[in-house]
Amino acid sequence: VEHLLGIKYLKATDIDLIFKTADHFKEVINRPIKKVPSLRDITIANLFFENSTRTKLSFELAEKRLSADVINFSASQSSVKKGETLIDTVNNILAMKVDIVVMRHGNVGAGVFLSKHVNAKIINAGDGTHEHPTQALLDSYSIREKLGSVKGKKILIVGDILHSRVALSNIFALQLQGAEVKVCGPTTLIPKYITSLGVQVETNLKKALEWCDVANVLRVQHERMDIKYFPSTREYTQLFGINKEILDNLGKKIVIMHPGPINRGVEITSEVADSNQSIILNQVENGVAVRMAVIYLLAQQIKR
Ligand code: CP
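Residues numbered from 1 in each chain as written. Predicted model: local features only at pLDDT ≥ 70, side-chain atom pairs only at ≥ 80, totals over all residues.

Considering the overall build of the protein
(1) Moving on: Each helix and strand counted, the protein has 11 helices and nine strands in total.
(2) Moving on: Here the C-alpha atoms of the protein give a radius of gyration of 19 Å, agreeing with the 19 Å that 2.2 N^0.38 yields for 304 residues.
(3) Moving on: Expressed along its principal axes, the backbone C-alpha trace of the protein runs to roughly 55 × 45 × 35 Å.
(4) Moving on: Looking at the protein as a whole, 44% of its 304 residues qualify as buried.
(5) Moving on: Counted over contacts in the protein with a minimum sequence separation of 6, partners at least 24 positions apart contribute 76%. (Helix = DSSP H or I, 4+ residues; strand = E, 2+ residues; numbered from the N terminus. Rg over C-alpha atoms; globule rule 2.2 N^0.38 Å. Buried ≥ 20, exposed ≤ 12 C-beta atoms within 10 Å, placed from the backbone. Contact = placed C-beta atoms within 7 Å.)

Have a look at this one:
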């Protein structure tokens, strides 16, 4: 593939290659000298039109570990505030000889749009409620690391599926690798089309947790929420919140994941998020190696 715009454009063999490359980079970043010189001749711009902590810093670190030159752009401190368009913004940045653009944007399809109008490799770091491909890759990579493989595993995605780009990218990635996927949440936060993707729906949290090997718990996205969709924070926590009691009563130990940021005490208790069942910080650690792999593989296609 020419860009990383979404998991839906990838094949299973692309994911295999990304993971094998990430295995190598994970070993590299655990060495005393955490860098390789591979991309000394590549310049990367990180364009964030929406807030981010993990994705922005993880991409920047991945790029620096590969020895690329890095520039960072935050829309809130830029001339976007004076009315400059997305294409003008990006073309001005590309005029400074940039090879790869990593972009997070609030609009669905922003990465695809950009890839058709500018001459650079585009990596989607999250486009509205649509896709967040590197999050799904690092999630699957973390499952593979913890359980040996993704194939045949039962993965539950819990929570606000409707507003979640993490959910959609995870569904595509997990199915490509042969996992079974179920979603659980209030019916108001589960899109109608989900069953057409081959995903099962379970609205009873206990039953859903009894079924799964891994529960990926999503943040309730208050910022994208129309009040009519939401029961109430208290009701949500009562019906869909993951706590120690519900996990202890399962009779098996499932793996707990969360893409972050966490609403502690809403979709997950601190006791669970910080427990040894949780691989939340392993996900963050793996994000750097996975993003190094994605950037490295795309950079191999740039003529130089
Ligand atoms: N998981 C994730 O995308 O986190 P940020 O919004 O902090 O980048």
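Things to note about the site of the ligand
(1) Moving on: The immediate surroundings of the ligand are formed by Ser-52, Thr-53, Arg-54, Thr-55, Lys-56, Gly-126, Gln-135, Pro-259, Gly-260 and Pro-261.
(2) Moving on: Take the shell around the ligand: its biggest share by element is three residues, from helix H2 (residues 54–65).
(3) Moving on: Taken together, the residues of the shell around the ligand break down into two nonpolar, six polar and two charged.
(4) Moving on: Per-domain counts for the shell around the ligand show at least three residues from each of domain 1 (7–131 + 286–299) and domain 2 (133–283). (Near = placed C-beta within 6 Å. Nonpolar A, V, L, I, M, F, W, Y, C, P; charged D, E, K, R; others polar. Domains from an automatic or database assignment.)

Some remarks on the UniProt feature "binding site: carbamoyl phosphate" (unreviewed entry) in the protein
(1) Moving on: The sites that carry the UniProt feature "binding site: carbamoyl phosphate" (unreviewed entry) are, in the present numbering, Arg-54, Thr-55, Arg-104, His-132, Gln-135, Gly-260 and Pro-261.
(2) Moving on: Position of Thr-55 relative to the elements: it lies in helix H2.
(3) Moving on: Leaving out residues up to four positions away in the same chain, Thr-55 has contacts with Arg-104, Ala-125 and Gly-126.
(4) Moving on: Mapped onto the secondary structure, Pro-261 falls in the loop between strand S9 (255–257) and helix H10 (270–273). (UniProt positions renumbered as here; feature names shortened; annotations may be inferred.)

Considering the nonpolar core
(1) Moving on: Among the nonpolar cores identified, the biggest contains 87 residues, and Ile-100, Val-101, Leu-156 and Met-292 are the most heavily contacted of them.
(2) Moving on: The biggest single contributor to this core is helix H11 (residues 280–299), with 10 residues.
(3) Moving on: Viewed by domain, this core spans two of them, domain 1 (7–131 + 286–299) and domain 2 (133–283), each represented by three or more residues.
(4) Moving on: When sequence neighbours within four positions are dropped, the list of residues in contact with Met-292 reads Ala-22, Phe-25, Ala-62, Arg-65 and Leu-66. (Core = buried A, V, L, I, M, F, W, Y, C linked by C-beta atoms within 7 Å.)

Focus: the pairing of strand S3 (residues 100–105)
(1) Moving on: Where burial is concerned, most of S3 is hidden: six out of the six residues are buried.
(2) Moving on: Here S3 shows no split at all, with Ile-100, Val-102 and Arg-104 on one side and Val-101, Met-103 and His-105 on the other all buried.
(3) Moving on: Sheet analysis places strand S1 (residues 43–48) next to S3, joined by five bridges and oriented parallel. Across the sheet, residue Ala-45 finds its bridge partner in S3, namely Val-101.
(4) Moving on: With five bridges joining them, S3 and strand S4 (residues 121–127) adopt parallel strand pairing. (Pairing = 2+ DSSP bridges.)

Some remarks on the sheet that holds S3
(1) Moving on: The strand order across the open sheet built from four strands is S2-S1-S3-S4, with neighbouring strands paired in parallel fashion. Whereas interior strands pair on both sides, the edge strands pair on one side only; in this sheet they are strand S2 (69–74) and S4. Ignoring strand direction, the axes of neighbouring strands in this sheet form an average angle of 15°. (Axes fitted to C-alpha atoms, helices over the stretch in contact; angles between N-to-C directions.)

Some details on the pairing of S2
(1) Moving on: Two strands pair when backbone bridges link them, and S1 and S2 are joined in this way by six bridges, in the parallel orientation. Residue Ala-45 lies in a different strand from S2, and its bridge partner there is Ile-71.
(2) Moving on: Running through H2, the crossover from S1 to the neighbouring parallel element S2 is right-handed. (Right-handed = clockwise from strand over helix to strand, strands pointing away.)

A look at the UniProt feature "domain: Aspartate/ornithine carbamoyltransferase carbamoyl-P binding" (unreviewed entry) in the protein
(1) Moving on: In the numbering used here, UniProt assigns the feature "domain: Aspartate/ornithine carbamoyltransferase carbamoyl-P binding" (unreviewed entry) to residues 3–145.
(2) Moving on: The span residues 3–145 is 41% helical and 17% strand by assignment, and the distance between its end C-alpha atoms comes to 26 Å.

Quick look at the domain arrangement of the protein
(1) Moving on: Splitting the protein by domain gives domain 1 (7–131 + 286–299) and domain 2 (133–283).
(2) Moving on: Look at where the C-alpha atoms of domain 1 and domain 2 centre, and you get two points 25 Å apart.
(3) Moving on: Listed as interface residues are 23 residues of domain 1 and, on the opposing side, 23 residues of domain 2.
(4) Moving on: Those elements that provide at least two residues to the side of domain 1 that touches domain 2 are helix H1 (12–28), S4 and H11.
(5) Moving on: A breakdown of the residues in the side of domain 1 that touches domain 2 according to their chemical character gives 10 nonpolar, eight polar and five charged.

Some points on helix H4 (residues 110–117)
(1) Moving on: Within H4, the full set of buried residues consists of Ala-110, Gly-111, Leu-114 and Ser-115. Considered in projection along H4, the buried side chains sweep an arc of 135° and stay on one side of the axis. Away from the buried face of H4 by more than 90 degrees, exposed residues Lys-116 and His-117 are located.
(2) Moving on: Where H4 is buried, its residues contact helix H3 (86–94), S3 and S4. (Arc of directions from axis to C-beta.)

Quick notes on unusual backbone geometry
What is expected of a backbone is that most residues other than glycine have negative phi and most peptide bonds are trans.
(1) Moving on: Here the amide bond leading from Gly-260 into Pro-261 is cis, since omega sits at -5°, within 30 degrees of zero.
(2) Moving on: Positioned with a positive phi, Ser-67 is a non-glycine residue whose angle comes to about 70°.
(3) Moving on: Considering the arrangement of structural elements, one finds Ser-67 in the loop between H2 and S2.
(4) Moving on: Classification of Ser-67 by C-beta neighbours within 10 Å gives partly exposed; the count is 15.
(5) Moving on: With a phi angle near 70°, Lys-97 is a residue other than glycine that sits in the positive phi range.
(6) Moving on: With respect to the secondary-structure elements, Lys-97 resides in the loop between H3 and S3.
(7) Moving on: The class of Lys-97 is exposed, set by 8 C-beta atoms lying within 10 Å.

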